[in-house]
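Analysis of the macromolecular model
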Amino acid sequence: MHDFNKPPFLIRHETPYPSVTTEFTGKTAWVRFANFLYESAGAPTSLKLQYQFQYVVDNETGEKSPWANIGKPVAFGEVTGWEPVTVNKTVEISSGTARIDYRIRLIGSDGSDQGSLIVRNSAGKMVDYSDWWNAAIGRVYMHTLAGNRVATPIASVKQGTAL
């Protein structure tokens, strides 16, 4: 449900869920991103959003990867596919979990990057959207952006685990 005065959006969980079989435990989790951002109450955003992730590539130095896209840009009510994200665990032979950083970029009608999505935070200030979640190798996650960009309740990503 995104608006009690409108029919619900149905997001089909495309199956089978993605997976990788390796000799060890792999390095991949999958994320699917849904855009249900409102500008303010009752006003869906007209912005096209590109969800991106970044992870630590060197556990000793803390060096991070370049930002990478999760699927293609999505408009309000649209969803990406299940997209792989790299999980760089610190214990080689383990099930493996690691922090993944996320940001959202605005995409212009010409396909150009227009900068970071700016949202109202809980202190009432307008800030670049950023977040992080731990990801476990082999898991499949749904990230849904919902709430209001410039009003309360504020926008945030909710994470659900599909597998």
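Everything below is about the structure shown above.
Residues numbered from 1 in each chain as written. Predicted model: local features only at pLDDT ≥ 70, side-chain atom pairs only at ≥ 80, totals over all residues. Heavy atoms only, no water.

**Points about the overall build of the protein chain**
Counting secondary structure elements, the protein chain contains 0 helices and 12 strands. Each helix (α) and strand (β) of the protein chain, taken in turn from the N terminus, gives the series β-β-β-β-β-β-β-β-β-β-β-β. Projected onto the principal axes, the alpha-carbon positions of the protein chain cover approximately 50 × 35 × 30 Å. In the protein chain, which comprises 163 residues, the share counted as buried stands at 38%. By sequence separation, contacts in the protein chain at least 24 residues apart represent 64% of the contacts at least 6 residues apart. Carbon together with sulfur atoms contributes 52% to the accessible area of the protein chain, which is approximately 9200 Å² in total. Taking the average place of the 16 positive charges on the side chains of the protein chain and the average place of its 15 negative ones, the gap between the two points comes to 7 Å. (Helix = DSSP H or I, 4+ residues; strand = E, 2+ residues; numbered from the N terminus. Buried < 20%, exposed > 50% of the residue type's maximum accessible area, 1.4 Å probe, protein only. Contact = heavy atoms within 4.5 Å. Areas by Shrake-Rupley, 256 points an atom, 1.4 Å probe, with all protein chains shown as cover. Lys, Arg positive; Asp, Glu negative; His and termini not counted. Charge placed at Lys NZ, Arg CZ, Asp CG, Glu CD.)

**Points about a nonpolar patch on the surface**
The grouping of Ile118, Met126 and Val150 at the surface amounts to a nonpolar patch, some 230 Å² of accessible area in total. Within the secondary structure, Ile118 is located in strand β8 (residues 118-120). (Patch = residues over 30% accessible without salt bridge, like charges linked within 9 Å, V, L, I, M, F, W, Y side chains within 5 Å. Salt bridge = Lys/Arg side-chain N within 4 Å of Asp/Glu carboxyl O.)

**Describing the environment of Gly81**
Topologically, Gly81 is positioned in the loop between β4 (68-69) and β5 (83-86). Of the residues examined, Gly81 reaches a relative accessible area of 21% and is grouped as partly exposed. With 50 residues separating them along the chain, Gly81 and Val31 place their C-alpha atoms 8.0 Å apart.

**A look at the packing of aromatic side chains**
With the rule as written, the count across this model stands at 8 aromatic pairs. Centre to centre, the rings of Tyr17 and Trp82 are 5.7 Å apart; their planes meet at 75°, and the pair counts as edge-to-face. In this pair, Tyr17 is assigned in the segment before β1 (28-40) and Trp82 in the loop between β4 and β5, connecting sequence segments 65 residues apart. A centroid spacing of 4.2 Å and a plane angle of 15° characterise the contact between Phe33 and Tyr51, whose relative ring orientation is stacked. One end of the pair, Phe33, is in strand β1; the other, Tyr51, is in strand β3 (residues 48-55), with 18 residues separating them in the sequence. Of the two residues, Phe33 and Tyr51, neither departs from the other in class, the shared state being buried. Taken together, Phe9, Phe36, Tyr38 and Phe76 form an aromatic cluster joined through their ring pairs. Its guanidinium or amino end placed over the ring of Trp82, Arg32 lies 5.2 Å from that ring's centre, counting from NZ or CZ. (Phe/Tyr/Trp six-rings, centres within 6.5 Å; stacked < 30°, edge-to-face > 60°. Lys NZ or Arg CZ within 6 Å of the ring centre and 35° of its normal.)

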